[in-house]
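Below, each chain spelled out in residue letters.
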Amino acid sequence: VSTYRVAVLGARGVGKSAIVRQFLYNEFSEVCVPTTARRLYLPAVVMNGHVHDLQILDFPPISTFPVNTLQEWADACCRGLRSVHAYILVYDICCFDSFEYVKTIRQQILETRVIGTSETPIIIVGNKRDLQRGRVIPRWNVSHLVRKTWKCGYVECSAKYNWHILLLFSELLKGGACA
Ligand code: GDP
(Lines give C-alpha, C1' and ligand atoms only; values in the text may rest on other atoms or scores of the structure.)
Protein backbone atom coordinates (compact mmCIF):
# COMPACT_ATOMS: atom_id res chain seq x y z
CA VAL A 1 0.00 0.00 0.00
CA SER A 2 1.48 3.31 -1.03
CA THR A 3 0.75 6.70 0.45
CA TYR A 4 -0.59 9.25 -1.99
CA ARG A 5 -0.48 12.88 -0.91
CA VAL A 6 -2.97 15.28 -2.44
CA ALA A 7 -3.10 19.04 -1.89
CA VAL A 8 -6.48 20.73 -2.36
CA LEU A 9 -6.11 24.41 -3.24
CA GLY A 10 -8.41 27.21 -4.35
CA ALA A 11 -10.07 30.48 -3.39
CA ARG A 12 -12.20 30.92 -0.31
CA GLY A 13 -15.68 29.42 -0.47
CA VAL A 14 -15.28 27.37 -3.66
CA GLY A 15 -16.05 24.15 -1.77
CA LYS A 16 -12.65 22.58 -1.07
CA SER A 17 -13.64 21.30 2.35
CA ALA A 18 -17.09 20.31 1.09
CA ILE A 19 -15.54 18.13 -1.64
CA VAL A 20 -13.24 16.38 0.82
CA ARG A 21 -16.01 15.87 3.38
CA GLN A 22 -18.43 14.54 0.80
CA PHE A 23 -15.80 12.13 -0.48
CA LEU A 24 -14.81 10.86 2.97
CA TYR A 25 -17.96 11.11 5.07
CA ASN A 26 -20.83 11.49 2.58
CA GLU A 27 -21.96 14.65 4.28
CA PHE A 28 -22.61 18.22 3.18
CA SER A 29 -23.30 21.39 5.12
CA GLU A 30 -24.65 24.72 3.86
CA VAL A 31 -22.71 26.41 6.62
CA CYS A 32 -19.49 28.03 5.48
CA VAL A 33 -16.71 27.56 8.01
CA PRO A 34 -13.60 29.17 6.53
CA THR A 35 -10.53 26.97 6.54
CA THR A 36 -8.00 29.00 8.46
CA ALA A 37 -5.30 26.39 8.98
CA ARG A 38 -4.15 23.39 7.02
CA ARG A 39 -6.25 20.31 7.67
CA LEU A 40 -4.94 16.83 7.12
CA TYR A 41 -7.16 13.84 6.39
CA LEU A 42 -5.66 10.35 6.41
CA PRO A 43 -8.16 7.93 4.89
CA ALA A 44 -7.39 4.49 3.54
CA VAL A 45 -9.61 4.06 0.49
CA VAL A 46 -10.30 1.32 -2.02
CA MET A 47 -10.44 2.83 -5.48
CA ASN A 48 -10.16 1.17 -8.85
CA GLY A 49 -9.70 -2.17 -7.08
CA HIS A 50 -6.70 -1.05 -5.02
CA VAL A 51 -6.22 0.07 -1.44
CA HIS A 52 -4.63 3.50 -1.15
CA ASP A 53 -3.41 5.36 1.90
CA LEU A 54 -4.44 8.88 1.03
CA GLN A 55 -3.23 12.03 2.70
CA ILE A 56 -5.51 14.87 1.77
CA LEU A 57 -4.26 18.34 2.64
CA ASP A 58 -7.03 20.93 2.69
CA PHE A 59 -5.45 24.37 2.52
CA PRO A 60 -6.73 27.82 3.39
CA PRO A 61 -6.55 30.38 0.56
CA ILE A 62 -3.16 31.99 0.06
CA SER A 63 -4.59 35.45 0.68
CA THR A 64 -5.05 34.58 4.34
CA PHE A 65 -1.28 34.51 4.66
CA PRO A 66 0.90 37.61 4.56
CA VAL A 67 3.01 36.20 1.75
CA ASN A 68 3.00 36.58 -2.01
CA THR A 69 4.36 33.50 -3.65
CA LEU A 70 3.43 29.88 -3.33
CA GLN A 71 7.00 29.09 -2.38
CA GLU A 72 6.93 31.40 0.63
CA TRP A 73 3.45 30.21 1.41
CA ALA A 74 4.51 26.58 1.31
CA ASP A 75 7.37 27.35 3.65
CA ALA A 76 5.06 29.24 5.93
CA CYS A 77 2.29 26.71 6.23
CA CYS A 78 3.43 23.32 5.01
CA ARG A 79 6.82 22.05 4.00
CA GLY A 80 5.07 18.88 2.94
CA LEU A 81 3.78 20.63 -0.20
CA ARG A 82 7.11 19.81 -1.79
CA SER A 83 6.32 16.15 -1.80
CA VAL A 84 2.68 15.99 -2.80
CA HIS A 85 1.78 13.50 -5.52
CA ALA A 86 -1.05 15.54 -7.00
CA TYR A 87 -2.79 18.88 -6.82
CA ILE A 88 -6.52 19.45 -6.93
CA LEU A 89 -7.20 23.08 -7.86
CA VAL A 90 -10.83 23.96 -7.22
CA TYR A 91 -12.87 26.86 -8.59
CA ASP A 92 -16.58 27.72 -8.41
CA ILE A 93 -18.30 27.69 -11.83
CA CYS A 94 -20.33 30.71 -10.68
CA CYS A 95 -17.32 32.82 -9.68
CA PHE A 96 -15.04 34.25 -12.33
CA ASP A 97 -12.40 35.37 -9.83
CA SER A 98 -12.07 31.87 -8.44
CA PHE A 99 -10.95 30.64 -11.86
CA GLU A 100 -8.45 33.50 -12.10
CA TYR A 101 -7.18 32.31 -8.73
CA VAL A 102 -6.70 28.79 -10.10
CA LYS A 103 -4.71 30.24 -13.01
CA THR A 104 -2.47 32.10 -10.57
CA ILE A 105 -1.87 29.10 -8.35
CA ARG A 106 -1.10 26.88 -11.32
CA GLN A 107 1.37 29.44 -12.64
CA GLN A 108 3.04 29.65 -9.28
CA ILE A 109 3.24 25.89 -8.99
CA LEU A 110 4.94 25.72 -12.38
CA GLU A 111 7.26 28.67 -11.72
CA THR A 112 8.39 27.75 -8.26
CA ARG A 113 8.35 24.00 -8.80
CA VAL A 114 7.46 23.62 -5.16
CA ILE A 115 6.94 19.94 -5.65
CA GLY A 116 10.25 19.37 -7.39
CA THR A 117 8.90 17.92 -10.60
CA SER A 118 6.72 19.24 -13.37
CA GLU A 119 5.27 15.76 -13.83
CA THR A 120 3.09 15.96 -10.73
CA PRO A 121 -0.50 15.86 -11.97
CA ILE A 122 -2.79 18.82 -11.49
CA ILE A 123 -6.53 18.30 -11.72
CA ILE A 124 -8.74 21.33 -12.21
CA VAL A 125 -12.16 21.04 -10.61
CA GLY A 126 -15.19 23.20 -11.38
CA ASN A 127 -17.41 22.82 -8.30
CA LYS A 128 -21.06 23.82 -7.64
CA ARG A 129 -22.25 22.25 -10.85
CA ASP A 130 -25.76 22.19 -9.33
CA LEU A 131 -25.82 26.00 -9.62
CA GLN A 132 -25.81 25.71 -13.40
CA ARG A 133 -27.95 28.83 -13.88
CA GLY A 134 -25.39 30.97 -12.12
CA ARG A 135 -22.54 29.69 -14.28
CA VAL A 136 -20.26 32.48 -15.50
CA ILE A 137 -17.51 30.42 -17.11
CA PRO A 138 -18.55 28.34 -20.14
CA ARG A 139 -17.68 24.71 -19.63
CA TRP A 140 -16.31 24.22 -23.11
CA ASN A 141 -13.82 27.11 -22.87
CA VAL A 142 -12.37 25.94 -19.58
CA SER A 143 -12.28 22.28 -20.45
CA HIS A 144 -10.51 23.07 -23.72
CA LEU A 145 -7.95 25.33 -22.05
CA VAL A 146 -7.33 22.87 -19.22
CA ARG A 147 -7.10 19.69 -21.26
CA LYS A 148 -5.52 20.88 -24.48
CA THR A 149 -3.30 23.74 -23.38
CA TRP A 150 -2.49 22.95 -19.76
CA LYS A 151 -2.59 19.18 -20.29
CA CYS A 152 -4.36 18.76 -16.95
CA GLY A 153 -7.37 16.69 -15.96
CA TYR A 154 -10.72 18.46 -15.69
CA VAL A 155 -13.79 17.49 -13.68
CA GLU A 156 -16.99 19.38 -12.95
CA CYS A 157 -18.71 18.29 -9.76
CA SER A 158 -21.15 19.19 -7.05
CA ALA A 159 -20.08 18.57 -3.48
CA LYS A 160 -23.66 19.33 -2.47
CA TYR A 161 -25.22 16.50 -4.48
CA ASN A 162 -22.20 14.21 -4.60
CA TRP A 163 -21.94 14.46 -8.39
CA HIS A 164 -18.61 13.32 -9.81
CA ILE A 165 -16.82 13.43 -6.46
CA LEU A 166 -15.88 9.75 -6.70
CA LEU A 167 -14.95 10.25 -10.34
CA LEU A 168 -12.58 13.03 -9.33
CA PHE A 169 -10.69 10.89 -6.84
CA SER A 170 -10.68 7.77 -8.95
CA GLU A 171 -9.25 9.72 -11.90
CA LEU A 172 -6.73 11.24 -9.57
CA LEU A 173 -5.53 7.84 -8.43
CA LYS A 174 -5.32 6.70 -12.03
CA GLY A 175 -2.80 9.45 -12.63
CA GLY A 176 -4.75 12.59 -13.24
CA ALA A 177 -5.99 12.14 -16.78
CA CYS A 178 -9.71 12.85 -16.60
CA ALA A 179 -12.07 11.99 -19.41
P1 GDP B 1 -13.83 26.25 1.06
O2 GDP B 1 -13.57 27.59 1.70
O3 GDP B 1 -13.30 26.21 -0.34
O4 GDP B 1 -13.34 25.08 1.88
O5 GDP B 1 -15.42 26.12 0.90
P6 GDP B 1 -16.47 25.29 1.78
O7 GDP B 1 -16.28 23.83 1.57
O8 GDP B 1 -16.44 25.79 3.18
O9 GDP B 1 -17.83 25.72 1.06
C10 GDP B 1 -18.19 27.10 0.98
C11 GDP B 1 -19.69 27.24 0.83
O12 GDP B 1 -20.10 26.71 -0.43
C13 GDP B 1 -20.49 26.49 1.90
O14 GDP B 1 -21.61 27.29 2.27
C15 GDP B 1 -20.95 25.22 1.19
O16 GDP B 1 -22.17 24.76 1.71
C17 GDP B 1 -21.10 25.72 -0.25
N18 GDP B 1 -20.86 24.66 -1.25
C19 GDP B 1 -19.77 23.86 -1.34
N20 GDP B 1 -19.89 23.01 -2.37
C21 GDP B 1 -21.08 23.29 -2.97
C22 GDP B 1 -21.77 22.74 -4.11
O23 GDP B 1 -21.33 21.83 -4.80
N24 GDP B 1 -23.00 23.32 -4.42
C25 GDP B 1 -23.54 24.32 -3.68
N26 GDP B 1 -24.74 24.78 -4.06
N27 GDP B 1 -22.91 24.85 -2.61
C28 GDP B 1 -21.69 24.34 -2.26
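Summary of the structure given here. (Residues numbered from 1 in each chain as written. Predicted model: local features only at pLDDT ≥ 70, side-chain atom pairs only at ≥ 80, totals over all residues. Heavy atoms only, no water.)

So, on to the overall build of the chain. Helix and strand counts for the chain come out as five helices and seven strands. Sequence-ordered secondary structure for the chain, helices as α and strands as β, is β-α-β-β-β-α-β-α-β-α-β-α. Out of the 179 residues in the chain, the part that is buried amounts to 49%. Taking the intrachain contacts of the chain between residues at least 6 apart in sequence as the baseline, contacts between residues at least 24 apart amount to 71%. Here the chain displays about 8,900 Å² of accessible surface, and carbon together with sulfur accounts for 53% of that area. (Helix = DSSP H or I, 4+ residues; strand = E, 2+ residues; numbered from the N terminus. Buried < 20%, exposed > 50% of the residue type's maximum accessible area, 1.4 Å probe, protein only. Contact = heavy atoms within 4.5 Å. Areas by Shrake-Rupley, 256 points an atom, 1.4 Å probe, with all protein chains shown as cover.)

Note on backbone geometry: most residues besides glycine have negative phi, and most peptide bonds are trans. Even without being a glycine, lysine 128 presents a positive backbone phi close to 70°. Take lysine 128: it is sitting in the loop between strand 6 (122-127) and helix 4 (139-149). Its identity as a non-glycine residue notwithstanding, asparagine 162 has a phi of 60°, on the positive side. By the element assignment, asparagine 162 lies in the loop between strand 7 (153-156) and helix 5 (165-174). Residue asparagine 162 is classed as partly exposed on the basis of its relative accessible area of 31%.

Here the focus is the site of the ligand. Taken together, 21 residues lie around the ligand, and Lys16, Ala18, Ser29, Glu30 and Asp130 are the ones closest in. One of the side-chain N or O atoms of serine 17 is found 3.0 Å from an oxygen atom in the ligand. At a separation of 2.8 Å, a nitrogen atom of the ligand approaches a polar side-chain atom of aspartate 130. The cavity where the ligand resides is the largest pocket. Its residues placed into classes, the shell around the ligand shows eight nonpolar, seven polar and six charged. (Near = heavy atom within 4 Å. Polar contact = N/O pair within 3.5 Å; in protein donor to acceptor, adjacent residues only side chain to side chain. 1 Å grid on protein atoms, 1.4 Å probe; cavity = no way out; pocket = protein on both sides within 12 Å on 5 of 7 lines; lining within 4 Å. Sits in = over half its atoms within 2 Å of the grid points. Nonpolar A, V, L, I, M, F, W, Y, C, P; charged D, E, K, R; others polar.)

Let us now look at the layout of surface pockets. Roughly 600 Å³ of internal volume is contained in the largest pocket. As for the largest pocket, its lining consists of 25 residues, of which Gly15, Ala18, Ser29, Val31 and Cys32 are closest to the centre. With four residues, helix 1 (residues 16-25) is the single largest residue contributor to the lining of the largest pocket. Within the lining of the largest pocket, the residues separate by chemical class into nine nonpolar, seven polar and nine charged. (Points joined across faces, edges and corners; volume = space filled by probe spheres on them.)

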